[in-house]
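Structure at a glance
The primary structure of each chain is shown beneath.
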Amino acid sequence: MPDPWPHDPVDDVAAAVQAVPGVVRLSPGPFGDLQTYLPGRRVPGVRERSGRLEVGIVLSWGASAEVVARLIRARLAALTSGEVDVVVTDVEQIEAS
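My aim in this report is to walk through the structure given alongside it, one point at a time. (Residues numbered from 1 in each chain as written. Predicted model: local features only at pLDDT ≥ 70, side-chain atom pairs only at ≥ 80, totals over all residues. Heavy atoms only, no water.)

With that settled, consider the pairing of strand β2 (residues 35-38). Bridging between β2 and strand β3 (residues 41-44) involves 4 bridges; their strand directions are antiparallel. By the bridge assignment, Tyr-37 is partnered in β3 with Arg-42. Where β2 hands over to β3, the hairpin turn is made up of 2 residues, of which Gly-40 adopts a positive phi near 80°. (Pairing = 2+ DSSP bridges. Helix = DSSP H or I, 4+ residues; strand = E, 2+ residues; numbered from the N terminus.)

As structure tokens, then:
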């Protein structure tokens, strides 16, 4: 069954951020304000505001926030020309499988 919602560039941003080592998942933040609203859906953890891109993440325990933020900015450089703010909303320990 085809996806009922059209692809949006914010989907590329979300996928790029989630692929960075040390990112557990995207996070809309404690108040739910770090998200993008699209027709019929929302993308948590990604918001564009005043020419800046904000991404909210849950950081993996033991990962360096500075290194992960640098990796996120490097990956997003191909997708956006504006500033990128990385907001760590939580830290979570991942259990080994």
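At Ser-50, a position not held by glycine, the phi torsion is positive, near 55°. Structurally, Ser-50 can be placed in the loop between β4 (46-49) and β5 (52-60).

Here the focus is the pattern of salt bridges. Taken as a whole and judged by the stated rule, the model has 6 salt bridges. Close ionic contact of Glu-92 with Arg-25 constitutes a salt bridge, the shortest N to O distance being 2.9 Å. Here the residue Glu-92 occupies a position in strand β6 (residues 83-92), and Arg-25 occupies one in strand β1 (residues 23-26), the gap between them amounting to 67 residues. Here Arg-47 ties to Glu-54 by a salt bridge, and the two come within 2.7 Å at their closest N and O atoms. If you follow the salt bridges from partner to partner, you end up with Asp-33, Arg-47 and Glu-54 in one network. (Salt bridge = Lys/Arg side-chain N within 4 Å of Asp/Glu carboxyl O.)

When the terminal C-alpha atoms of helix α2 (residues 65-76) are compared, their 16 Å separation across 12 residues agrees well with the 16 Å that a helix rising 1.5 Å per residue should span. Contacts made by the buried residues of α2 are with α1 (9-18), β1, β5 and β6. (Expected span 1.5 Å × (residues − 1). Contact = heavy atoms within 4.5 Å.)

Right, let's get into the nonpolar core. Ranked by size, the top nonpolar core spans 21 residues in total, and within it Val-17, Val-46, Val-55, Ile-57, Ile-72 and Leu-76 carry the most contacts. Mapped by element, the contributors of at least two residues to this core are α1, β1, β5, α2 and β6. Top element by residues in this core is α1. It accounts for 5 residues. In contact with Val-46, other than residues within four places in its own chain, are Val-10, Val-13, Ala-14, Leu-26, Leu-34, Gln-35, Thr-36, Leu-53, Glu-54 and Val-55. (Core = buried A, V, L, I, M, F, W, Y, C linked by side-chain atoms within 4.5 Å. Buried < 20%, exposed > 50% of the residue type's maximum accessible area, 1.4 Å probe, protein only.)

A few words on the side chain of Gln-35. Counting through the fold element by element, Gln-35 comes out in strand β2. Polar contacts involving the side chain of Gln-35 include one to the side chain of Tyr-37, which spans 3.4 Å. Among residues more than four places away in sequence, those in contact with Gln-35 are Pro-28, Arg-42, Val-43, Pro-44, Gly-45, Val-46 and Arg-47. (Polar contact = N/O pair within 3.5 Å; in protein donor to acceptor, adjacent residues only side chain to side chain.)

As a further point, take the pairing of β5. Counting buried residues along β5, 8 of its 9 residues qualify, which places the element largely inside the surrounding structure. Across 3 bridges, β1 lies against β5 in antiparallel orientation. Opposite Val-23, over in β5, you have Leu-59 as the bridge partner. Relative to β5, β4 runs antiparallel, the two being bridged by 4 bridges. Directly across from Arg-47, in β5, lies its bridge partner Glu-54.

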